[in-house]
Amino acid sequence: MGSFQDLVLVLLCSVWCVFHAVNCNAQLQSSQTLVLLQLKKHLEYPKPLDIWKDRWTNLCSSTQQVNVSCNENFVTELLIIGDKTQSKFREEHEGFDGYAIQDQTLSQGFSMDSFVATLARLTNLRVLKLVSLGIWGPLPDRIHRLYDLQHLDLSSNFLYGSIPPKISTMVNLQTLNLGDNFFNGTIPTLFFNSSSNLSYLSLKNNKLKGHFPNSILGINTLNEIDISNNNISGGLQDFNALSNLEHLDLSWNSLDSTLPPMPKGLKNLFLSRNSFSGEIPKQYGKLSMLQMLDVSFNSLTGTVPAEIFNLPNISLLNISSNMLSGTIKNNLRCSIQLRFVDISNNKLMGGLPDCLIRTGPENDGVVKSDGNCLSGKNFQHQHALSYCKEEVPQLKKESHKVGALFVVGVIVGILVMVMVFVLCIVIVCKRYYSKGVSEQHLLHKSVQDSYSASLSSEIVTNARYVSEAAKFGREDLPFCRSYSLEELKEATNNFDNPNFMGENLYGKLYRGKLESGIQVVIRCLPLSKKYTIRNFKLRLDLLAKLRHPHLVSLLGHCIDGVIGDQSDTNVFLVYEFVSNGSFQTYLSEDSGGKVYNWSERLSVLISIAKAIHFLHTGMIPGFFKNRLKTNNILINEHWMAKLSDYGLSIISEETDACGVNGESPDSMQMKRLEDDVYSFGFIILEALVGPSLSAKREALMLHERGSFNSQDWWKQIVDPIVMSTCSKESLSIVISISNKCISPESWSRPSIEDVLWNLQYASQVQATADGV
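Here's what I pulled together on the structure shown here.

Reading the values: rules and limits
Residues numbered from 1 in each chain as written. Predicted model: local features only at pLDDT ≥ 70, side-chain atom pairs only at ≥ 80, totals over all residues. Heavy atoms only, no water. Pairing = 2+ DSSP bridges. Helix = DSSP H or I, 4+ residues; strand = E, 2+ residues; numbered from the N terminus. Core = buried A, V, L, I, M, F, W, Y, C linked by side-chain atoms within 4.5 Å. Buried < 20%, exposed > 50% of the residue type's maximum accessible area, 1.4 Å probe, protein only. Contact = heavy atoms within 4.5 Å. Disulfide = S-S within 2.5 Å. Polar contact = N/O pair within 3.5 Å; in protein donor to acceptor, adjacent residues only side chain to side chain.

**Details of the sheet that holds strand S6 (residues 158–161)**
Taken in spatial order, the 3 strands make up an open sheet running S4-S6-S8, and their pairing is parallel. In the strand order of this sheet, the two ends are held by strand S4 (136–138) and strand S8 (182–183), each with one partner.

What follows is the structure in structure tokens.
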């Protein structure tokens, strides 16, 4: 009988355990579970996440290093603390150069963009803390998509670049900790606004520069600010508006104003290791809540306000290593809380009041006074009294000497300015005189060499390359250079018909093979007569600098004729050869070859979106209006997508006259609406529907635009191959972003960055559905 009861009890316990296990898993949506597992993959499987075994594990749990809190089937809190600390790295290196470091950061394959895109799928997240995980890269602007976030902590990682300004739109944020990273830009002016609920801000131990943003002073909810150990410069204004501020640490910067007024409720003030000047404000002697004051290692002068020693709550007072002078009153009263006082390395004279002597070691306190001119048998390591006394005659003598030097400096400065002005006139005259002789010689220099020699031109002066652009160069391709017409004739067998590939708006295309054995495509482009040779050469320079894994690289050029002459002139552009045809041929079974499934189409779209983003941002000002089409997207031998025919508008003369090449008025009306995002929207549509879309593009926009929000309409026109290989959620994301891209109102279209983010999100959703 007893054994039967035991068996029943065991069965009941088993059922209870199974029920509760299922119930625990039911608390979290499967999509949320998959996002967490995807984050684990992004973070390269850190040891603390070993507890996340698979999608059936209860992930809503807590350990010492990991905490996941869930509410109503959604993740609301995510805390992960890793073991990739920076202390040793900071000891051995002055900075972080933006590349992966073995055993310190995540690998070179880590993408901060993709990581944040995955995080953004946790739409109910309120608390996010990812510390010491080796996360590296610039923090993307899209972090603001976590708009419900209240607490964000990404400290002790390897983030660099600028702090994204769009964090200011996260109005629910209460605490922000980006400390112990390598941010090296300025703190954005619009980073803070009065509608913010921020109470805690830490940007300590970075490389931030520029001025302290006065917009911070408008956030009266702030309780603690720590921007210590950066390169912040300039002055500070009145902090009294921050009525809730209790802790302020701006030490180890380059601030150089007088000390600003502080709010009455302040408890801790650290302004050491700056260049503050002037006197210690008497207002500081009225900060009744102040517990710690450190203004050491500045250039403060004047006498020490007696009131700061007697603040009711003061326990630490450090005014050392300044130029404070005079005596400290003998009848001074000290706070009973005072336990540490450092007045060393100033120019103080006389003795110390009894209350400071009583604060010393005999009463478990510390008083440091070395490096002054104090008198008395208890003081050691003091200067002679003459060191601390003001010597007025000597100062007057010095002031006369400084005045004389100033006058001499002004005279020398004027003479130097006159000489520079004369020299500039000579150089300008010489340049204009020699221009006609030197311009033709410029043609025979390589683009790489001539770029530095052309810095004085207006185009190059106004164009600035983003530093990361250089990282995208292809090491297996030669630098862009000038070719002779004879070299190109030899490469194409004198432009023989078998090598002719076709013709479009930008001229004829020929296949060729250089003497080095590299296969190329050569474009023959009729040249506009509106350019001087120097102007045109600079435009070629800009094109040549555009190197990216998803752009067909420009390898060289050749000019046949004289630029600016009335006779016809042709320019030949030499590009790398891309062997596997255009993207368009992989969208239909009619081509007779491979047809891409949904994941493969998404991969191509993401690659081209990255290329467009690079064209828009890889150089300032960017390349826009690149006449994007699916047949300009080429697939190389490694099945990588590359964009061709980009940027050619800067060296060609396009016409938008109605009727050119048989285009209808409706067609020309559509062209006036176009920009890159608009054109890319139709590329996305063609990936969804198939090549037939390009033939009825205008009709689709003019007559069927109202059907774009109908699911039934989409089911009818989406390519069957796409329908059979996609997940419903992934497809829905892409349809939504394509609708926004082709909006007739240009102001309502998304940025290419937003388009890229949505495509990457759709790809991740699809990968999850495929079990990848």
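**Notes on the nonpolar core**
Nonpolar side chains tend to gather and get buried jointly when the protein is soluble and globular. One finds Leu36, Leu78, Ile135, Phe239, Tyr284 and Phe309 to be the most contacted residues of the largest nonpolar core, which totals 100 residues. Taken together, the elements giving at least two residues each to this core come down to helix H2 (30–42), strand S1 (66–71), strand S2 (74–81), helix H4 (112–119), strand S3 (127–131), S6, S8 and helix H5 (354–358). Per-element accounting of this core gives the leading share, 4 residues, to H4. Setting aside its immediate chain neighbours within four residues, phenylalanine 309 contacts Val304, Ile314, Leu317, Ile328, Leu332, Arg333, Cys334, Ser335, Leu338, Val341 and Leu356. Core analysis: the second largest hydrophobic core is formed by 76 residues, Leu546, Trp598, Ala687 and Leu731 among them.

**Some details on the state of the cysteines**
Applying the stated criterion to the full structure yields 3 disulfides. Through a disulfide, cysteine 334 is tied to cysteine 355; the S-S separation comes to 1.9 Å. Between cysteine 334 and cysteine 355, the disulfide has an S-S torsion of 40° and is therefore right-handed. You can see cysteine 334 sitting in the loop between strand S20 (325–327) and strand S21 (340–342) and its partner cysteine 355 sitting in helix H5, a full 21 residues away along the chain. The residue that forms a disulfide with cysteine 373 is cysteine 388, at a sulfur-sulfur distance of 1.9 Å. Taking the sign of the S-S torsion, 80° for the link of cysteine 373 and cysteine 388, the bridge is right-handed. Remark: cysteine 388 occurs in helix H6 (residues 385–388) and cysteine 373 occurs in strand S24 (residues 373–374); sequence separation between them is 15 residues. For cysteine 373, a relative accessible area of 4% translates into the label buried. Here cysteine 388 falls in the buried class, since its relative accessible area comes to 5%. Listing the disulfide partners of the protein chain by sequence rank of the bonded cysteines yields 1-2, 3-4, 5-6. Of all cysteine sulfurs in the structure, the one in cysteine 558 sits closest to cysteine 524, which takes part in no disulfide; the separation is 9.5 Å.

**A word on the environment of threonine 630**
Its location among the elements puts threonine 630 in the loop between strand S32 (619–620) and strand S33 (633–635). Judged by its relative accessible area of 3%, threonine 630 is buried. As for threonine 630 and leucine 587, which are separated by 43 residues in sequence, their C-alpha atoms are 9.8 Å apart. Contacts of threonine 630, omitting those with residues within four sequence positions, involve Ser582, Phe583, Gln584, Ile683 and Glu686. Here the side chain of threonine 630 touches glutamate 686 through a polar contact of 2.9 Å, side chain to side chain.

**A look at the sheet that holds strand S30 (residues 554–560)**
The strand order across the open sheet formed by 6 strands is S26-S30-S31-S29-S28-S27, and the pairing between neighbours is mixed. Looking at which strands have only one partner, the edges of the open sheet turn out to be strand S26 (481–482) and strand S27 (500–504). Sheet topology places S27 next to strand S28 (residues 507–513); 4 bridges connect them, and they run antiparallel. Looking at S28, one finds that glutamate 503 is bridged to lysine 508.

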